[in-house]
Amino acid sequence: MISLAGRDIMHAWGKFVFTGLGLGLLIGVTLSMAGIYRGMVDDARALLDNSGADLWVVQKDTLGPYAEPSSIYDDVWRSIRGIQGVIRTANVTYLTMQVRQGERDVRAMITGITAGDPGTPGWPPYLIAGRHITRSHYEAVVDIATGFRIGDRFQIRRNHYTVVGLTRRMVSSSGDPIIFIPLKDARDAQFLKDNDAILQQHRRTTETLAFKPAGVLDAVLASQNANSYVNALLVQVEPGYRIEETAETIRRWKRLTVHTRTQMEEILVGKLIATSAKQIGMFLVILSIVSSAIVAFIIYTLTLGKIREIAVLKLIGTRNRTIAGMIMQQAIALGSIGFVVGKISATLLMAPIFPKYVLLEPLDSIRGFIVVIVICVLSSIFAIRAALKVDPAEAIGG
Amino acid sequence: MLQKRYGSGDTAVDALKRIDMQVDPGEVIGLIGPSGSGKSTLLKCLGAVIEPTAGRMTLGGQVIYDNGWKVNDLRALRRDRIGFIFQAPYLIPFLDVTDNVALLPMLAGQSNSEARAKARDLLKALDVDHRARAMPSHLSGGEQQRVAIARGLVNRPPVILADEPTAPLDSERALAVIRILNDMADKFETAIIVVTHDEKIIPTFKRIYHIRDGVTHEEAGEGRGFR
């Protein structure tokens, strides 16, 4: 038996191809939306992977340092370093801000890293060009997504930094590229007041009678200008030790909140990007409904255009299942054309130019194809119903 | 006596009141009558498309209706034992000429090659084999109607119902179609019922059934046929 659907498609291939192109662009947007969500999750995981930590020690009862503000003393590391199983600790500070370079500025996550050597928690795990930070001030390693190159100079608040190294896929959970600078510089950028504010604070403190006794004023002023906080302490646990047990020890004895890698991933994916994920989910649902409606409308219209032929086919003895199969095969063919166009457009056109990281996973594509085919099959039901209602008598005049 | 009533009670309409007709194998008869006389209803009943209300129909000696259908699969009956030729050719636009004709045997379960061979033979007999690979939209009106005739004949049905097959054609082509129908009836021993208004072809029938107000009246035709 010849394929009636195939013949009809070959006969009106232009109609099918152009309809498939239109549908494909819609499917491409849908796949890209899924890719954006995957990209956000991957960004969050990359942030955790790149930190090189097994545990994140943060301010008690907070979800810091990424999802909530967190502030702990910068000497906490000394006591935690002594806990059995802990091999490395490193203070870290994060702040997201606009980084200026001449006339342009880049949104980036500034990461203040502790002096150390490669492999220290918080450090970029690898470089693609240049070297790591070796000086205690005004050097930076940047993600290439910032657009900076080795030797470029940029400004963070009042200070200028020189790019000494480039890295890749170092991004915040919201996809902003990371700029690594020395911890002290980052803390200054985070907490340092401007000159007017410092002057005002100095004047107010000087006028406070309680600080008049000799030496007290100097001590108070010194404490106001000093900053002894960081956002978090990154901890590496020695292989062979149970991470959860080490975390529990820190929680019990240090009265701090400790997040494991799994908990941190839950915080980032489940809380920090949850709203975005819901928005994307809604878009996916809406796009799926729109795609279904379009496929249903197209297949229905194509079927209505063949009512007379369907009546003739029924009159000459064509089985209902042959006619239903023809319509369903056309819907599936349309969906397949649309999916191929959508996959190509998402991969080659949309993902490369999208400002956020779009991660198109093969498994998502397979799922997407199955969903498209299911949608097409369901959408063809209206057209099949219409075709099966056609009275073969319509082929006979009168 | 075949009858067909639409509706019931006060709104009932007797479309066919007293239909009594017989067509022999190899015979081409005319079924004529004014608009609304019941021609199309009769054709639909004969074609097993709608169910009569009462009466009896036999096809090749087999009772197919006797106050109720006596065959289980009307679709198969239409496919295998009744040929249809319509006012317009109604060829399937996305199939070429050969496959338009071969479709019926394929639907009946024959292999593609077997069905196409049958189709080619018929197209040759109808002198349209040179357009075997053409799409219907590329054929003239006469060629399309010959292909439609081939489709009606391809399963060698004992009866063909032709619904105003010459309506869209000029006199010359109309007579050519009737000549072909007569030839095919002769060749395949097929009974052909031609519903028509066409004054040009009415004189070609040897036997004519007039239908008026749902009642058939048999009369001899002029028989200026082609035999």
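What you are looking at is a predicted structure, and each value in this text was computed from that prediction instead of being measured.

Participant: Explain the overall build of chain A to me, please; I cannot follow it from the model alone.
Facilitator: Counting its secondary structure elements, chain A contains twelve helices and twelve strands. Relative to the compact-globule value of 21 Å for 398 residues, chain A shows a C-alpha radius of gyration of 31 Å, a clear excess of over 25%. The principal-axis extent of the C-alpha atoms belonging to chain A is close to 115 × 50 × 45 Å. Considering only contacts within chain A whose residues lie at least 6 apart along the sequence, 79% involve residues at least 24 apart.

Participant: Explain the overall build of chain B to me, please; I cannot follow it from the model alone.
Facilitator: When you go through chain B residue by residue, the secondary structure sums to six helices and ten strands. For chain B, the C-alpha radius of gyration of 17 Å lies close to 17 Å, the compact-globule estimate for 227 residues. C-alpha extents for chain B along the principal axes are approximately 55 × 40 × 30 Å. Per-residue burial over chain B gives 47% buried out of 227 residues. Sequence-distant contacts, at least 24 apart, represent 67% of the contacts inside chain B between residues at least 6 apart.

Participant: Can you help me understand the pairing of strand E3 (residues 28–32) of chain B in this one?
Facilitator: In the case of a regular strand, side chains alternate between the two sheet surfaces. Residues and elements named next belong to chain B. The buried fraction of E3 amounts to five of the five residues, a majority that puts the element mostly inside the structure. Residues of E3 alternate between two faces, with Val28, Gly30 and Ile32 on one and Ile29 and Leu31 on the opposite face, all of them buried. Two elements, E3 and strand E8 (residues 191–196), share five bridges in a ladder whose sense is parallel. Residue pairing in the sheet places glycine 30 in a bridge with valine 194 of E8.

Participant: Would you take a moment to explain the packing of helix H5 (residues 141–153) of chain B against helix H6 (residues 171–188) of chain B for this structure?
Facilitator: A pair of packed helices is characterised by two quantities: the angle between their axes and the separation of those axes. Residues and elements named next belong to chain B. In the contact formed by H5 and H6, the axes pass within 11 Å of each other and the chain directions differ by 20°. When the interaxial angle is binned, H5 and H6 end up roughly parallel. Considering the relative orientation of H5 and H6, their crossing is right-handed. Counting all contacts with H5, which are made through Gly141, Gly142, Gln145, Arg146, Ile149 and Leu153, the residues of H6 involved are Arg173, Ala176, Val177, Ile180, Leu181, Met184 and Phe188. Of the residues in the contact of H5 with H6, the class split is eight nonpolar, three polar and two charged.

Participant: Would you take a moment to explain the interface of chain B and chain A for this structure?
Facilitator: When the parts come together, some accessible area is lost, and that loss is often what is quoted as the size of the interface. Listed per partner, the contact involves 27 residues of chain B and 19 residues of chain A. When residues of the side of chain B that touches chain A are traced back to their parent elements, those giving at least two are helix H1 (39–46), helix H2 (74–81) and helix H3 (97–107) of chain B. Of the residues in the side of chain B that touches chain A, the class split is 14 nonpolar, five polar and eight charged.

Participant: Is there a simple way to think about the nonpolar core in this case?
Facilitator: Across soluble globular proteins, nonpolar side chains have a tendency to be buried as a group. Within the largest apolar cluster, 163 residues are counted, with the highest numbers of intra-cluster contacts made by Val57 of chain A together with Ala150, Leu181 and Ile193 of chain B. With twelve residues, helix H11 (residues 320–353) of chain A is the largest single contributor of residues to this core. Lining this core are residues from two domains, each supplying at least three of them: domain 1 (4–43 + 275–395) and domain 2 (60–192 + 227–255) of chain A.

Participant: Could you clarify how one ought to interpret the pairing of strand E4 (residues 56–59) of chain B in this entry?
Facilitator: Pairing of E4 of chain B with strand E5 (residues 62–66) of chain B, which is carried by four bridges, proceeds in the antiparallel orientation. Its bridge partner being in E5 of chain B, methionine 57 of chain B is matched across the sheet by tyrosine 65 of chain B.

Participant: What's the story with helix H2 (residues 13–51) of chain A in this structure? I'm lost.
Facilitator: The periodicity of an α-helix, 3.6 residues per turn, causes residues three or four positions apart to be oriented the same way. With 39 residues, H2 of chain A ought to run about 57 Å at 1.5 Å a step, and its terminal C-alpha atoms sit 53 Å apart, in line with that. In the stretch just after H2 of chain A, glycine 52 of chain A is the one whose phi turns positive, near 70°.

Participant: I'm lost on the domain arrangement of chain A in this one. Help?
Facilitator: Looking at the assigned domains, one finds that chain A contains domain 1 (4–43 + 275–395), domain 2 (60–192 + 227–255) and domain 3 (194–224). Computed from C-alpha coordinates alone, the two centres of domain 1 of chain A and domain 2 of chain A are separated by 47 Å.

Participant: Explain unusual backbone geometry to me, please; I cannot follow it from the model alone.
Facilitator: The backbone phi angle of aspartate 61 of chain A is positive, close to 60°, even though this residue is not glycine. Considering the arrangement of structural elements, one finds aspartate 61 of chain A in the loop between strand E1 (55–58) and strand E2 (72–73). The residue tyrosine 90 of chain B is not glycine, and still its phi comes out positive at about 50°. Inspection of the secondary structure puts tyrosine 90 of chain B in the loop between strand E6 (82–85) and H3.

Participant: Sorry if this is basic, but what is going on with the packing of H2 of chain A against helix H8 (residues 261–272) of chain A here?
Facilitator: All names here are of chain A. Running from N to C, H2 and H8 cross one another at 145°; their axes reach a closest spacing of 10 Å. Considering only the axes of H2 and H8, their crossing is right-handed. In this structure, H2 uses Val41, Ala44, Arg45 and Leu48 to contact H8, whose residues at the interface are Arg261, Met264, Glu265, Leu268 and Val269. Of the residues belonging to the contact of H2 with H8, the class tally is six nonpolar, no polar and three charged.

Participant: What is the right way to look at helix H4 (residues 112–125) of chain B in this model?
Facilitator: All names here are of chain B. The end-to-end C-alpha separation of H4 is 20 Å, in line with the 20 Å expected for 14 residues at 1.5 Å each. Buried within H4 are the following residues: Ala115, Lys118, Ala119, Leu122 and Leu123. Burial along H4 is one-sided: seen end-on, the buried residues are contained in an arc of 135°.

Participant: What exactly am I supposed to notice about the environment of glutamate 238 of chain A here?
Facilitator: Residue and element names in this part refer to chain A. Inspection of the secondary structure puts glutamate 238 in the loop between strand E11 (232–237) and helix H7 (243–254). C-alpha of glutamate 238 to C-alpha of isoleucine 273: the two residues are 35 residues apart in sequence and 31 Å apart in space. Discounting chain neighbours no more than four positions away, the residues touching glutamate 238 are Gly85 and Ile87.

Participant: Explain the environment of isoleucine 201 of chain B here, please?
Facilitator: Residues and elements named next belong to chain B. Along the chain, isoleucine 201 turns up in the loop between E8 and strand E9 (207–212). The buried category is assigned to isoleucine 201, around which 25 C-beta atoms lie within 10 Å. Through-space distance from the C-alpha of isoleucine 201 to that of alanine 176 is 10.0 Å; in sequence the pair is 25 residues apart. Setting aside anything within four residues of it in sequence, one finds isoleucine 201 in contact with Thr166, Ala174, Leu175, Ile178 and Thr196.

Participant: Is there a simple way to think about the confidence of the model for chain B in this case?
Facilitator: Low pLDDT means the predicted coordinates in that region are not meant to be read closely. Residues and elements named next belong to chain B. Scored by pLDDT, chain B comes out at a mean of 89, with 98% of its residues at no less than 70. Per-element averaging of pLDDT across chain B places H6 at the bottom with 86 and E4 at the top with 94. Interface confidence for the predicted complex, given as ipTM, is 0.83, next to a pTM of 0.76.

Participant: What am I meant to see in the environment of glycine 64 of chain A here?
Facilitator: Residues and elements named next belong to chain A. You can see glycine 64 is positioned in the loop between E1 and E2. Overall, glycine 64 belongs to the buried group, with 21 C-beta atoms counted inside 10 Å. Residues in contact with glycine 64, not counting those within four places in the same chain, are Val58, Gln59, Pro69, Ser70, Asn231 and Ala232.

About the thresholds
- Residues numbered from 1 in each chain as written.
- Chains lettered and ligands numbered in written order.
- Predicted model: local features only at pLDDT ≥ 70, side-chain atom pairs only at ≥ 80, totals over all residues.
- Helix = DSSP H or I, 4+ residues; strand = E, 2+ residues; numbered from the N terminus.
- Rg over C-alpha atoms; globule rule 2.2 N^0.38 Å.
- Contact = placed C-beta atoms within 7 Å.
- Buried ≥ 20, exposed ≤ 12 C-beta atoms within 10 Å, placed from the backbone.
- Pairing = 2+ DSSP bridges.
- Axes fitted to C-alpha atoms, helices over the stretch in contact; angles between N-to-C directions.
- Parallel < 35°, antiparallel > 145°, perpendicular 65-115°, else oblique.
- Left-handed = near helix turned anticlockwise from the far one by under 90°.
- Nonpolar A, V, L, I, M, F, W, Y, C, P; charged D, E, K, R; others polar.
- Core = buried A, V, L, I, M, F, W, Y, C linked by C-beta atoms within 7 Å.
- Domains from an automatic or database assignment.
- Expected span 1.5 Å × (residues − 1).
- Arc of directions from axis to C-beta.
- pLDDT = per-residue confidence, 0-100.

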